[in-house]
Each structure stands twice: as structure tokens, then as C-alpha cells.
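For reference, the chains in residue letters:
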Amino acid sequence: MTRKEVGNISGESRRNFLQSSGAALLGLAMPEALSAEPRAAESLATLGGGKTVDFPQDKFEELTRWPRYGQAEKDALHRLIDTDKFYEELPLFEKEWKEYTGIPYLRAHINGSSAITSMFFAIDLEPGSEIMVPSYDFPTDCLAMRFFGYVPIFIDIHPATGTFDLEDARRKFTSRTRAVFPMHSWGMPSEMDHIRDFAKEKSLIVLEDAAHAHGASMQGRKMGTWGDLAIFSFQASKCLPTVEGGMGMYHNELHFQRATAFGEYLAPETYPASSPVHRYAGTGFGQKYRMHPFSAAVGRMQLRKLDAMNALVEKNVRRQNDPLIQLTGLSEPRVRPDQKRVYYHANMLLLDSAKAGFSRDALVKALKAEGVGVSTWVYPEQHKLTIYSEAKWWHHPPVIPPSMPGDDYINNQHIFLPLFYDQANDIIDQYVKAFQKVWAHKSQLA
Ligand SMILES: Cc1ncc(COP(=O)(O)O)c(C=O)c1O
């Protein structure tokens, strides 16, 4: 399949998307017969009718429980506690993650944030260098730049995909831009092929935040291996949870050596004498960022289950979303056919209120009354937070964009449904019925 055939979401301007947003534009519009919504039967629970979902709360909590540790993790920790070889666990986890991803160099870190800070140190840019990063992102991705005099350029996300909007990046490129740093929100891969092409054209380093995307891939290549440097987080909520943990991923040996030496004073002496980092043996660069061996032991066990868990979660999502996206005005963020996404934290759906004929608030209220575990969460946009508007923290003040239409679209249109981490057909089918019931009464929600 050529790149053209698999599509080019970023090529579709977000202005066009926002003007005509909805299922039709996403290619999700259904023939009339298929999209027919069920006829109103019982009244909505908000109006005194019975609840559609009668799934027991304790079973719901068991199905949504995360992280999921079992005997394998307990045994691995017990085995490790009984040895005096704690640190041997780290290269074992690194070896297994390397085999899984196919990256040439990597290092396990105490968390994703320390991997990000080490990565910024590794790229060794001049103070004042600007790095393009989504505002819809975790604080460390922008804030750790401060330590090296780098400055974030806040990039919007594309409303169709929820990830890095290349069109916005092209507009905001300056003579000081040195790197791009996309993030794969909620497991949806950014369009790394187009981002790499742009980076090549402008001679930029590609950094990648794969903290939401363990096991996701594009064109058969794992996320976390597309950037020149990349990071994972293994924090407790993530698809591969070690409670705390992170991984730095590097294609270039010098990047690996610098990133590692930043957080490990013993690392430089393990490098060849010809390495420019070797002379910092015994000191490193002042941090201690090595992963805790207990996290590595848990990570090794979780890695064995990662693909199966991702597949199970996806199967549950498909059973749920396939009927839901036939409801007028409800859609999923778009993923290209050559991208394999995973699901981190929640199953995000997007409501086009104009098409559906009712507001998101009305929908959430109605679904909650039906017993659906629906929620919304406004992902904090970095550019709106105080620290970015105080010049003293920055080499030069970051430009605060007046608006981020893509962020607004995703933050205002999404609903989150829980992910189910076990066989969950019963509750999923009840959820689908609850949605269909709400749509059947949509005139009462308007
Ligand atoms: C997108 C993203 N990047 C980086 C991080 C930082 O990872 P950690 O919490 O392991 O420091 C997180 C954490 O939630 C994240 O969501």
C-alpha cells in the first residue's frame, strides 16, 4: 500500500474538518437502513424510566481494574527480593523491550519524565532552540525544556485524529526551530511518516512521546521507534504499567550515551574511550535516573501479556463502537489503515452536537442515568498554564497562541467510556442498548 493510498489525514486542513465535522466527513456515514436508530420504547431513566444497565458494581470494578497484577508479578518480585542481584533485572528488561521494539539503543529510567529530561540533554541544542510540541500534552514534555534553555512552540492537534497537526506546525516554524516532539494521544499514532518528511525538509530532530502507545504501530513499525529519540512511561495507568518507570529509545549511539550519562554517574566508564562522554566517568551529569529493579521485574511480566491485553481491549472496543458509530453524530477519532492504535486510559468517542441534535452535557446526563460509566475530562492545555506566561522561566518567552481549535474540538466533543480488561460482552451490550435508547429519545434531549 502506498502512502497516498493509506491516506493523509493531516493533508486535510483542520479548517475544512471543523467546518464540516461529523461522521460523514470521517467516512463513517452509514446507508440509511444501517443507520436506522431503534424506536423509542421505555422512557429515559432521566425522565423516570428504568435504567438500561443493571451490571453489578463490584463486577464493573473488576472489569475496569487497572493495573492488573497477578501471580506472575508477585513471584517475580519475591524471586528478586530473595536475591542480592537486584540490578541484573534491569538489563534483562531492557533486552526484552529491545527485542519487542527493535530499537538499537535504549535505557530504562525511573519514570517517563526522567527519560524526557535525559533526551533533552542528549540532543545538546543551543539555548534558545525551539521545539514543536502539542499543547495537548503532559507537562514534562514542555517544562523539562527549561532546564536546557529550550522553548516550546505550542502546536495544535488535528480534530480528526487528536494528534500533532502538521499544518499548524508548518505555520509556526521559525528560524530557531530545531526539533518536533509529537505525542500519540490515548494510543492513536501521530502521522510519523509525514512528520519525518517535514523534519527532513527543515533539518529538525524528531522526538517522540510514546507514553500512551505501548504496542501501537504504523506501517508495521512500532511507535517509539519512529523518532530519532523517543520515550515511554510505564506509570501505573499506562498500557504497560510498572507503577513508576520509563524507557529512553535511541537510534544513535551518542544520543544513548549522553542520555544515559545524564542520569547515571557510572555509565560513562562503560563507554569506549573514543566516546566524547567517556571522560565524564565517575560523575555523569548530576542526576540519578535509573529504573528501580522492582519495576523492571514487574515490567518483564507485563510485557509478556501486553499484546494479548491490547488485543482483548480492542476486541471489546470494537464490539461496543461498531454499533455506536452508526448513531447520528457519534464517531471515533480517525486512524489510518496503516496505523494500528492501542487504547490507553479510555475509549474516546466524539459527539457532533449539531448532527446529533443535543448537547454533550445532555448526553452524559442521560447516559449516566441509564447506568453507563461515561465521563469527560478536559486535558489541560499547556499553553494556558501560568508557568508559560512568566518570562523568567524561559530563555525567551514562549508564544502563547490565541486559540487551539483542534484542542477545543477534542476537549469539547469527546466522551470517555471505560476500557474493559476481561471478557465483557454482557456489560458492553447493555451499554450499546443504553446509547440506542438515548438516541431513540433524542427529541427529549434537545
Ligand atoms: C504523554 C505523557 N508523556 C510523558 C509522561 C510522563 O511519564 P511519567 O509519569 O512516567 O513521568 C506522561 C505521564 O502520564 C504522559 O501521559
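Residues numbered from 1 in each chain as written. Predicted model: local features only at pLDDT ≥ 70, side-chain atom pairs only at ≥ 80, totals over all residues.

### As for the site of the ligand
Taken together, 14 residues sit near the ligand, with Gly112, Ser113, Phe138, Ala211 and Ser233 positioned nearest. Listing elements by their share of the shell around the ligand, those giving two or more residues are α7 (112-123) and α8 (139-143). Among the residues making up the shell around the ligand, the classes are represented as 3 nonpolar, 8 polar and 3 charged. (Near = placed C-beta within 6 Å. Helix = DSSP H or I, 4+ residues; strand = E, 2+ residues; numbered from the N terminus. Nonpolar A, V, L, I, M, F, W, Y, C, P; charged D, E, K, R; others polar.)

### Thoughts on the packing of helix α14 (residues 360-370) against helix α16 (residues 425-440)
Two numbers describe how α14 lies on α16: the axes approach to 10 Å, and their chain directions differ by 130°. Here α14 lies oblique to α16, going by the angle between them. The handedness of the crossing between α14 and α16 comes out as right-handed. In contact with Leu363, Ala366, Leu367 and Glu370 of α14, α16 contributes Ala434, Lys437 and Val438. In the contact of α14 with α16, the residues fall into 5 nonpolar, no polar and 2 charged. (Axes fitted to C-alpha atoms, helices over the stretch in contact; angles between N-to-C directions. Parallel < 35°, antiparallel > 145°, perpendicular 65-115°, else oblique. Left-handed = near helix turned anticlockwise from the far one by under 90°. Contact = placed C-beta atoms within 7 Å.)

### Quick word on helix α6 (residues 89-101)
For α6, spanning 13 residues, the distance from its first C-alpha to its last is 18 Å, which sits close to the expected 18 Å at 1.5 Å a residue. Looking only at α6, the buried set comprises Glu89, Phe93, Trp97 and Thr101. End-on view of α6: buried residues confined to an arc of 90°, all on one side of the axis. For α6, the exposed residues set more than 90 degrees away from the buried face come down to Pro91, Lys95 and Glu99. In this structure, the buried residues of α6 make contact with α5 (71-81), β1 (105-109), β7 (221-222), β9 (246-250) and α12 (293-324). In the segment just after α6, Gly102 is the residue with positive phi, at about 80°. (Expected span 1.5 Å × (residues − 1). Buried ≥ 20, exposed ≤ 12 C-beta atoms within 10 Å, placed from the backbone. Arc of directions from axis to C-beta.)

### Considerations on the pairing of strand β8 (residues 229-233)
Taken across its 5 residues, β8 has 5 buried, putting it largely inside the fold. Taking every second residue as pointing to the same face, both faces of β8 are buried, with Leu229, Ile231 and Ser233 on one and Ala230 and Phe232 on the other. Across 3 bridges, strand β5 (residues 205-209) lies against β8 in parallel orientation. Paired with Glu208 across the strands is Ala230, a residue of β8. Sheet topology places β8 next to β9; 5 bridges connect them, and they run antiparallel. Looking across to β9, one finds that Ser233 is bridged to Gly246. (Pairing = 2+ DSSP bridges.)

### Some points on the sheet that holds strand β11 (residues 339-340)
Taken together, the 3 strands give an open sheet; going across it, the order is β7-β6-β11, and neighbouring strands pair in antiparallel fashion. Whereas interior strands pair on both sides, the edge strands pair on one side only; in this sheet they are β7 and β11.

### Observations concerning the nonpolar core
Ranked by internal contacts, the top residues of the largest apolar core, which has 106 residues, are Met119, Val180, Leu207 and Ile231. The residues that make up this core include at least three from each of domain 1 (3-65 + 306-445) and domain 2 (71-302). With residues near it in sequence (within four places) discarded, Met119 still touches Leu207, Leu229, Ile231, Gly248 and Ala259. (Core = buried A, V, L, I, M, F, W, Y, C linked by C-beta atoms within 7 Å. Domains from an automatic or database assignment.)

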